[in-house]
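# Understanding the architecture of this molecule
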Amino acid sequence: MPKIEVKNIYKIFGSRPKSIFPHLEKGMSKDEILEKTGHTVGINNASFQVEQGETFVIMGLSGSGKSTLIRCLNRLIEPSAGEVLIDGENILETSYQELLKMRQRKLAMVFQRFALFPHRTIVKNVEYGLEIQGVEAQVRREKAYEVLELVGLKGYEESMPDQLSGGMQQRVGLARALATDPDVLLMDEAFSALDPLIKKEMQDELLELQAKMHKTIVFITHDLDEALKLGDRIAVMKDGKIVQIGTPEEILTDPANAYVKEFVQDVDRTKVITAATIMRKPDAVMSPKEGPRVAVRKMEEAGISSIYVTGKDKYLKGLVRIEDAVRLAKEGKDNLEEVIIKDIPTTAPDTPMVDLLPVAATTSYPIVVVSEDNKMLGIIVRVSVISGIIGRGD
Amino acid sequence: MFTLHIGPAFEALIDWLTDNFSGVFDLIRKVLLSGITGLEDILLFLPSLILIVIFALVAWKIAGRGVAAFTLLGFLLIVGMELWPQTMKTLALVMASALIALVLGIPLGIWAARNDMVEKFVRPVLDFMQTMPAFVYLIPAVLFFKLGKVPGAVATVIFSMPPAVRLTNLGIRQVPEDVVEAAKSFGSTPRQLLYKVQLPIATPTILAGVNQTIMLALSMVVISAMIGAGGLGSEVLKGITQLKIGLGFESGIAVVILAMILDRITQALGGTKSK
């Protein structure tokens, strides 16, 4: 069962939201509806699922409805229609009391502008959720200290929020959300208000924390690099609609439409695209049992100057150059072993392109992509590295 | 041209109220009167010098040394001008009226902040209360509560309540939306939201409203001497009607001193809370 399941959510702002559904069914655009009826379509039929332990990023420009969508998950905004299931329970149908319980224990939120309580000390900010639950003062104080240490704010417990820098304030925001031990973290543009360097630091720390905590995270951002860095999967939103959901690589390499394509145009692709994406099948491979003559013929047929030699189950042995094969054939020798070049560049399939560039620049052979047990998966020739960078498929 | 007087209708309304609710008005009158005179008795029971020292200490504790010194010297000057009893009477009336105005005004402000319909309704009423010339309140107040301190207090409550309502409303509405959202996202009940987040953050603004209410109350209390509320106002009135320039000036100065002391102390109240 998915941790969060959103089914056909709509949010329409205005006096008579229900009257807008027929227009939407007819396919009227957001702008048309606003002009004709004065209603704003916040979310238009959004559905997605988030698995336990997954970081799900919702990305879109401002006004795309992403902040509205995340607020539907804890009902800070009431959807006009649809279902939001958390652990299989439809939170849009629960009583107010149950909703409060859910917010207290299962869901916690981190805000763009930190939204700390300005009249409370740092530790009292962090304690807030536990205080609301009625946890004993001593217990919640201990928990708050523990979480503050986790986010690297030990020693600032008694400071006031306005004495801290932006980055530190957002650490407090994160600590406050973690203090209640929620299953789900809702992060609304959590790092967008921070300086670039601090932002990067916080992203790294979130990844580090997440590796330990395995929370289910829904992360809103307008920053594609951030989405690609943090997201296990990404949903791209436009005009209240989800236009594509996929892994970072899928979004980059296979944009669903022109909007997504434009969005991903400027991204630093080398950090996201991995060896597995740009590798291709080698033109020819051969077994070591086959002799030099076969090698020469295969290379001639494929029009290449070297051939890979793989053993059983595609186990990579090495590479044979055409001149060596020809020499062996002339000398009448049958065994290729002595001319197999073993020192060839290899890489794992999940290596990002940025790490392949220096290798590609120095080697004269293609890079071989191999699995953990050294099975040949494919090769990367220099030209595919370059086309990968500029974003054109072969 | 045509004439349209709405005055007679108002008169009729007041007549109807006095005819039908005189029992209620009498009760209010008795309660208020005993409260105000009780307060007066306490303030006048203690010797002036002891009371001045107490006031100065309170000022010191709340607002610091400068205000304490000013309180001491200012009140001594009032004693010297032989206006102490009148000043204490005025203070008693201000305290009683302002207290009632706050007890009514702050909850009303909270209600208006949490409910847009209430705000919509309250706002024009407050405009009316604030812009209607203060003297006009005195007329129905006299009709309902006869002459003396009670109609003075009632007119003062009406005149001084608006800033308490307005600034409480404003203070709560000014709490940033995302801070309110944060509180809600942790599962706060509306009550927890109010007491743990909205009111503490709004406190400086609400205290500014308290300060304004007290200052307005003081000015109205002086005016209500015209209907026999007594105190410093009646000395000012004497100065005007009998052309006693000296007396008018002295009692005017006494009002200013009292106003400044009340202002500085209540302002400091707001300042220390927000630190």
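Residues numbered from 1 in each chain as written. Chains lettered and ligands numbered in written order. Predicted model: local features only at pLDDT ≥ 70, side-chain atom pairs only at ≥ 80, totals over all residues.

## Some thoughts on the overall build of chain A
- Secondary structure summary: chain A contains 16 helices and 16 strands in total.
- For chain A, the C-alpha radius of gyration of 27 Å lies well beyond 21 Å, the compact-globule estimate for 394 residues.
- Taking the principal axes of the C-alpha coordinates as reference, chain A spans close to 85 × 60 × 35 Å.
- Within chain A, the proportion of its 394 residues that are buried is 39%.
- If you take every contact in chain A between residues at least 6 apart in sequence, the share linking residues at least 24 apart comes to 65%. (Helix = DSSP H or I, 4+ residues; strand = E, 2+ residues; numbered from the N terminus. Rg over C-alpha atoms; globule rule 2.2 N^0.38 Å. Buried ≥ 20, exposed ≤ 12 C-beta atoms within 10 Å, placed from the backbone. Contact = placed C-beta atoms within 7 Å.)

## Section: the overall build of chain B
- A tally of helices and strands in chain B yields 12 helices and 0 strands.
- The order of helices and strands in chain B, counted from the N terminus, is α-α-α-α-α-α-α-α-α-α-α-α.
- In terms of overall dimensions, chain B has C-alpha extents of about 65 × 60 × 40 Å along its principal axes.
- The buried share among the 275 residues of chain B stands at 42%.
- Counting only contacts in chain B whose residues sit at least 6 apart along the sequence, the fraction spanning at least 24 positions is 76%.

## What about the interface of chain A and chain B?
- Counting residues at the interface gives 18 residues for chain A, matched by 14 residues for chain B.
- With 4 residues, helix α4 (residues 96-105) of chain A is the single largest residue contributor to the side of chain A that touches chain B.
- Broken down by class, the residue content of the side of chain A that touches chain B amounts to 10 nonpolar, 5 polar and 3 charged. (Nonpolar A, V, L, I, M, F, W, Y, C, P; charged D, E, K, R; others polar.)

## Section: the nonpolar core
- Ranked by size, the top nonpolar core spans 175 residues in total, and within it Ala175 and Val218 of chain A carry the most contacts.
- Considering each element in turn, this core owes the most residues, 15 residues, to helix α5 (residues 84-114) of chain B.
- Both domains that meet at this core, namely domain 1 (4-106 + 182-267) and domain 2 (276-390) of chain A, each give it at least three residues.
- Sequence-distant contacts of Ala175 of chain A, that is, excluding residues within four places in its chain, are made with Val126, Val147, Leu148, Val151 and Leu153 of chain A. (Core = buried A, V, L, I, M, F, W, Y, C linked by C-beta atoms within 7 Å. Domains from an automatic or database assignment.)

## Looking at the domain arrangement of chain A
- Entries for chain A in the domain assignment read domain 1 (4-106 + 182-267) and domain 2 (276-390).
- For domain 1 of chain A and domain 2 of chain A, the distance between their C-alpha centroids amounts to 45 Å.

## Some remarks on the sheet that holds strand β11 (residues 285-286) of chain A
Residues and elements named next belong to chain A.
- Strand order in the open sheet formed by 3 strands is β11-β12-β13, and the pairing between neighbours is mixed. Single-partner strands in this sheet number two, and they are β11 and β13 (316-321).
- Pairing of strand β12 (residues 306-310) with β13 involves 5 bridges; the strand directions are antiparallel. Note on β13: the bridge partner recorded for Thr310 is Leu316.
- Sheet strands in contact with helix α14 (residues 322-331) are β12 and β13, and its direction is about 80° off that of β13. (Pairing = 2+ DSSP bridges. Axes fitted to C-alpha atoms, helices over the stretch in contact; angles between N-to-C directions.)

## Regarding the environment of Ala225 of chain B
All names here are of chain B.
- For Ala225, the location among the structural elements is in the loop between α10 (190-223) and α11 (232-241).
- On the neighbour-count criterion, Ala225 (22 C-beta atoms within 10 Å) is buried.
- Remark: the alpha-carbon pair of Ala225 and Glu235, spanning 10 residues in sequence, is separated by 8.6 Å.
- Excluding residues within four positions of it along the chain, Ala225 makes contact with Gly230, Gly231, Gly233, Ser234, Val236 and Leu237.

## Details of unusual backbone geometry
- With a phi close to 55°, Asn45 of chain A is a non-glycine residue in the positive phi region.
- For Asn45 of chain A, the location among the structural elements is in strand β2 (residues 40-50).
- Even without a glycine there, the phi angle at Glu82 of chain B is positive, about 60°.
- Note on placement: Glu82 of chain B falls in the loop between α4 (65-80) and α5.

## Points about the packing of helix α6 (residues 116-131) of chain B against helix α8 (residues 149-173) of chain B
Residues and elements named next belong to chain B.
- Viewed as axis vectors pointing N to C, α6 and α8 meet at an angle of 145°, and their least axial separation amounts to 9 Å. Crossing of α6 over α8 shows left-handed handedness. Across the interface between the two elements, Glu119, Val122, Leu126, Met129 and Gln130 from α6 touch Ile158, Phe159, Met161, Pro162, Val165, Arg166 and Asn169 from α8.
- The residue makeup of the contact of α6 with α8, split by class, is 8 nonpolar, 2 polar and 2 charged. (Left-handed = near helix turned anticlockwise from the far one by under 90°.)

## Section: the pairing of β12 of chain A
All names here are of chain A.
- Among the 5 residues in β12, 4 count as buried, and that is most of the element.
- Taken together, the 2 bridges between β11 and β12 define a ladder with parallel strand orientation. Counted as the bridge partner of Met286 is Val309 from β12.
- Crossover β11 to β12 through helix α13 (residues 292-302) is right-handed.
- Joining the antiparallel neighbours β12 and β13 is a turn of 5 residues, in which Asp313 adopts a positive phi near 55°. (Right-handed = clockwise from strand over helix to strand, strands pointing away.)

## Quick word on the sheet that holds strand β7 (residues 184-188) of chain A
Residues and elements named next belong to chain A.
- What the 6 strands build is an open sheet, ordered β6-β7-β8-β3-β9-β10; its pairing is mixed. Each of the sheet's edge strands pairs with one partner strand only, and the pair in question is β6 (107-110) and β10 (241-246). Averaged over all pairs of adjacent strands, the angle between their axes in this sheet comes to 20°, without regard to strand direction.
- Alignment of β7 against strand β8 (residues 216-221), held across 5 bridges, turns out to be parallel. Looking at β8, one finds that Leu185 is bridged to Ile217.
- Where helix α7 (residues 166-178) meets the sheet, its contacts fall on β6 and β7, and the angle it forms with β6 comes to roughly 175°.

## Some thoughts on the confidence of the model for chain B
Residue and element names in this part refer to chain B.
- Summary statistics for chain B give a mean pLDDT of 89 and a share of 98% for residues scoring 70 or more.
- Averaged over each element, pLDDT in chain B is lowest for helix α7 (residues 134-145) (82) and highest for helix α9 (residues 177-185) (95).
- The ipTM, which scores confidence in the relative placement of chains, is 0.78 for this predicted complex, and the corresponding pTM is 0.77. (pLDDT = per-residue confidence, 0-100.)

## Examining α8 of chain B
- The first and last C-alpha atoms of α8 of chain B sit 36 Å apart over 25 residues, in line with the 36 Å expected at 1.5 Å per residue.
- Helix geometry: α8 of chain B is bent most strongly at Ser160 of chain B, by close to 35°, with proline Pro162 of chain B lying one to four residues after it. (Expected span 1.5 Å × (residues − 1). Bend = angle between axes of the 7 residues up to and from the residue.)

## Details of the environment of Arg16 of chain A
All names here are of chain A.
- With respect to the secondary-structure elements, Arg16 resides in the loop between β1 (4-13) and α1 (21-25).
- Under the C-beta neighbour-count criterion, Arg16 is labelled exposed, with 10 such atoms within 10 Å.
- Once the C-alpha coordinates of Arg16 and His39 are considered, the two residues, 23 residues apart in sequence, prove to be 8.0 Å apart.

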